[in-house]
Amino acid sequence: MPPREWTQAEIALVQEVAEQLEAAIARAGAGPTTGSTRYRALVEAMDEAVCVFERLPLRPDGLRDYRYITMNPAMQAMFGIPDLSGQSIRDNFPDEVEDWYDDYDRVLETGEAIRFERGSIPQGMVLEMFVARIEDGSGRSLMAVIRDITWRRIDDNTLREREARQELLLRFSDRLRTLAAGPDVMRAACALLGEALGVDRVNYAEVEGEDFIIAHEHHREGLASMAGRYPASGPKTAERAALEAGRTVVIADVDAEPGLRPDQREVFRAWGVRAFVSVPLVKEERLVAVLSVIRSRAAPWRLHEVELVGEVAERTWAAVARVRSEKALRESEEKFRSLFETMTQGYCECELVRDESGGVIDCRLLEMNPAFERLTGLSAAQARGRAVTEVLHRAKPWWVKEFAEMVSDRRPRTIEREVPEQGRWYEIRAYHRDGDRFAALFSDTTERKRIDAALQASETRLRALVNATSEVVYRMSPDWQVMWELDGRGFVKDTHEATSDWLFAYIPAEDQPEVTAAIRQAIETKGVFQLEHRVKRPDGTLGWMFSRAIPLLDEAGEIVEWFGAASDVTPRRQAVEALAHTQRLKAVGRLAGAIAHDFNNLLTVIIANIELSEMRERAEEKTQFLDKALKAAQLGERLNQRLLTWAGQAPMQPKEVILNDLVTETGAILDRSIGERFTLSLDLAPDLWPCFIDPANVDSMVLNLVVNARDAMPDGGEIRLSTANVPAAEVPVQPGAAAAPGDHVCLCISDDGFGMSEEVRRRAFEAFFSTKEQGTGVGLGLFSVKTVVQQSGGFLEFDSAPGRGTTFRLYFPRTSGARDVTPLTEADTRQPPAPLTHPLILVVEDQKAVRDATRERLQSLGYSVVEAADAEEALGILRWQRDIRVVFSDVVMPGEMSGRDLAKRVLHDFPGVEVLLTAGYIAETSPKGVDDPTANVPVLIKPYRLHDLAAALRSLLAAHHTGTGG
């Protein structure tokens with residue numbers, strides 16, 4: 001097509017573009033990369049379709065080629081192509097005729113701009129182009145301004161449709177520029193298409209997983225809204241596959257569309273959808289959104305309608321992306337500005353200042369935040385744009401070398417320096433930005449440096465103090481799980497590394513519960529840990545230490561660590577224990593003397609009455625003196641029971657009793673004997689529950705506690721005895737108290753005396769411990785009370801403090817119903833029962849006097865007797881003396897076999913022989929286990945009466961005779 005003359009306006013436009021491009025290149029000056037960046041921005045801002053491209057060397061196939069340097073959005077929109085900057089023209093348009101390259105070469109060679117019109121085969125368009133050389137010194141760069149003149153060949157109706165569409169799109173683009181929210185953009189797109197195409201509905205749907213969510217809609221008046229979620233159902237349809245592939249779906253009649261399932265057609269009919277066009281948005285191979293126009297009648301869609309929907313959709317996607325990007329940018333800028341304005345660290349942007357030779361001589365402050373002003377005392381107006389040495393006149397530029405090296409090696413650097421001119425310390429973290437510019441974050445560390453120095457001095461003083469003391473010093477973690485450090489001073493092993501097994505390394509296993517309990521209490525209360533306990537020493541022996549630790553708390557009141565010291569109290573403990581041992585020996589000596597005195601008195605009475613009996617002729621007189629001797633012996637039995645009670649070995653004779661009766665009886669006796677200055681008051685609960693206890697022990701306990709109460713009130717006072725029923729829920733079970741579950745009966749004895757100190761309370765139940773004057777007590781009263789209570793299945797507690805008196809509460813389990821508590825040793829005045837026959841009994845006793853007395857007593861009952869001094873002799877007799885019916889043996893025997901061992905052999909080897917045992921106190925009567933075959937063997941407790949022995953033998957032989965024996 002022959003060239004034609006350009007109008008003056010066109011020539012002016014081209015000249016202006018060329019001049020601007022050349023000017024941009026000239027300003028760039030640094031090379032093609034910077035220049036291309038400059039004129040890329042200029043070209044992209046033009047409304048005309050413009051591109052800049054350059055000639056390439058001949059291809060290997062000998063064909064000419066050019067490469068796009070840049071193309072503006074107008075050109076991309078005109079051809080419907082993406083940005084091809086940096087790509088080969090021939091690779092992208094291989095079907096173009098060579099005439100294009102001839103024209104390009106002619107412009108480069110002559111330098112004269114040309115205008116021509118030519119059809120573009122790949123684009124299916126007729127183009128008018130102006131091509132000019134860019135004078136950038138390379139001789140290879142061209143600029144082209146392109147116009148689409150295809151319209152000249154399209155009929156008037158098509159032209160009007162395109163013009164209307166372009167005008168519509170221009171108005172839409174103008175509208176989009178004013179919108180700042182994504183939902184507004186979507187609503188505008190729906191409204192535009194609804195009005196332009198006259199359709200019934202326009203929907204904008206977002207895709208979540210497999211579901212469509214119609215978020216925005218424009219519909220004809222009178223129609224219901226389709227807004228809502230539409231879950232996917234059934235297999236994926238061809239329509240969904242096309243959308244996911246990024247292809248537009250055009251359906252003129254849903255009833256005739258073969259790709260739709262029947263259930264889909266039903267949904268479309270329900271909403272009045274007969275024809276639709278859907279344009280997808282696919283990002284990262286995922287369907288994100290769909291823009292659809294809908295008609296309620298079947299009709300084919302014209303090409304320009306489909307194109308309009310696609311172009312609106314593209315502009316909508318782009319506008320939504322722009323709005324979201326702008327919003328994200330604004331939010332990011334707001335966050336940055338907020339952080340910049342409110343951050344506590346100082347921030348400044350700087351650049352290096354160089355001399356003529358390029359050497360760094362200073363740093364210039366460019367931008368700073370409010371914290372910079374607050375930390376340095378310099379206002380932004382004073383500092384901005386000035387070198388540091390201009391702001392700090394007397395400062396030595398120590399920062400020059402540091403920041404120059406940081407910029408050179410491009411690595412962040414942390415610097416902590418003092419600025420003497422300000423009397424401050426700063427920690428600076430510097431980062432390279434670009435070129436000679438860098439950013440610096442800094443904090444005022446003056447206070448921290450001061451605290452560090454003070455802490456260092458304090459630690460130095462503390463270390464000196466620790467080194468000077470003879471105490472064991474240690475540090476523990478907040479929960480005491482880790483020992484951080486221990487200086488043992490030779491008493492215990494040092495540790496200078498954290499260890500978690502310190503408890504096992506230093507504390508004996510039996511003492512660990514007490515230590516951990518004290519630690520737990522100290523942690524819970526955040527109070528002082530204080531305890532005297534044993535500790536393992538380096539030589540393997542055990543020592544005693546008094547340990548005390550205090551918690552170090554932070555500002556929130558939480559424990560940071562524990563600091564403690566401990567002293568070696570082993571010598572003191574040894575001295576105290578030696579003294580206690582001596583005192584116990586003295587107490588035992590006093591007790592032995594008192595017992596010897598009492599027993600000598602009893603023996604004197606017994607001997608005297610026996611002698612007097614021998615001197616009398618008449619039987620009645622003999623009997624009187626013998627009765628007196630027997631009563632003296634019975635007093636000796638009770639004295640022995642008291643000793644066994646103190647030793648915890650007394651045989652119990654419990655009965656189901658009402659404490660009120662016993663307390664009333666004992667109280668009446670004590671009220672007359674404690675003295676006129678004392679009042680004994682009783683407060684006994686009505687309907688008191690029964691309990692199971694030895695009545696004699698009740699008398700003993702009440703006597704001990706009342707006497708102690710009297711001694712605690714030298715000037716007289718009131719002693720109160722009370723009883724009460726205590727339901728199970730109210731039983732005050734203390735740690736370590738072996739209280740049986742259920743209801744209890746409480747016996748309470750209280751006074752208003754001088755009370756007990758902490759040391760006395762701690763040792764109150766210790767055997768042989770007494771606060772009374774020497775000779776007035778042996779320290780077994782409270783010990784025996786506690787023993788009796790525990791043997792009865794109960795427990796006790798007491799309250800006492802100096803000046804506040806003392807209260808003891810004794811708790812016994814409640815019982816119900818009658819119990820058979822008659823022991824074998826229960827005495828009565830009946831005559832000894834006669835034996836069933838005259839069976840032979842083997843007596844096994846190592847004490848000859850006791851053996852002889854036993855033989856005489858058995859013979860007096862009509863039994864035949866053989867004797868053995870030990871178990872071995874007894875077994876030998878049993879092997880040849882086959883008519884022995886009963887073995888009567890002491891439990892405690894000399895040699896390797898005890899009485900119980902003998903009983904086991906007899907029961908196993910001689911099935912027809914019965915066994916009866918006798919013992920001096922309760923501990924000897926108990927079998928060694930539940931499986932002990934002697935568990936059912938009866939035991940007589942010494943001393944026993946003749947009728948007790950007779951009853952036991954008669955019961956044993958009667959049981960054997962009826963076949964119910966052991």
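Residues numbered from 1 in each chain as written. Predicted model: local features only at pLDDT ≥ 70, side-chain atom pairs only at ≥ 80, totals over all residues. Heavy atoms only, no water.

Where an unreviewed UniProt entry is consulted, the protein chain appears under the name histidine kinase, with the organism given as Alloyangia mangrovi. Taken directly from UniProt, the Catalytic activity (unreviewed entry) text for the protein chain runs: "ATP + protein L-histidine = ADP + protein N-phospho-L-histidine." (UniProt positions renumbered as here; feature names shortened; annotations may be inferred.)

Focus: the packing of aromatic side chains
Counted by the stated rule, this structure contains 17 aromatic pairs. An angle of 45 degrees between the planes, with centres 5.4 Å apart, marks the rings of F268 and F276 as tilted. The burial state of F268 is the same as that of F276; both residues are buried. Between the aromatic rings of W480 and W502, the centroid separation amounts to 6.2 Å while the plane-to-plane angle is 50 degrees, which identifies the pairing as tilted. In this pair, W480 is assigned in the loop between β17 (472-476) and β18 (483-487) and W502 in helix α16 (residues 502-506), connecting sequence segments 22 residues apart. Summarising the burial analysis for this pair, W480 and W502 share the class buried. These aromatic residues form a ring-pair network of at least three members: Y474, W480, W502, F529 and W562. Across from the ring centre of W100, 5.0 Å away, lies the NZ or CZ of R118, which sits over that ring. (Phe/Tyr/Trp six-rings, centres within 6.5 Å; stacked < 30°, edge-to-face > 60°. Buried < 20%, exposed > 50% of the residue type's maximum accessible area, 1.4 Å probe, protein only. Helix = DSSP H or I, 4+ residues; strand = E, 2+ residues; numbered from the N terminus. Lys NZ or Arg CZ within 6 Å of the ring centre and 35° of its normal.)

Some words on the environment of F783
Tracing the backbone through its elements, the reader meets F783 in helix α23 (residues 781-791). For the pair formed by F783 and A764, sequence separation is 19 residues and the distance between their alpha carbons is 7.9 Å.

Let's talk about the UniProt feature "modified residue: 4-aspartylphosphate" (unreviewed entry) in the protein chain
Here the UniProt-annotated "modified residue: 4-aspartylphosphate" (unreviewed entry) positions come out as D890. Looking at the element boundaries, D890 is found in strand β31 (residues 884-890). When residues no more than four places from it in sequence are discounted, the contact partners of D890 are V844, E845, D846, G899, T918, A919 and K942. (Contact = heavy atoms within 4.5 Å.)

Quick notes on the packing of helix α21 (residues 695-711) against α23
Across the interface, α21 lies against α23 with an axial gap of 10 Å and an inter-helix angle of 145 degrees. Here α21 runs over α23; the crossing is left-handed. Between α21, through N697, M701, N704, L705 and N708, and α23, the contact on the second element is made entirely by G781, L782, S784, V785, V788 and V789. Looking at the contact of α21 with α23 residue by residue, the class counts come to six nonpolar, five polar and no charged. (Axes fitted to C-alpha atoms, helices over the stretch in contact; angles between N-to-C directions. Left-handed = near helix turned anticlockwise from the far one by under 90°. Nonpolar A, V, L, I, M, F, W, Y, C, P; charged D, E, K, R; others polar.)

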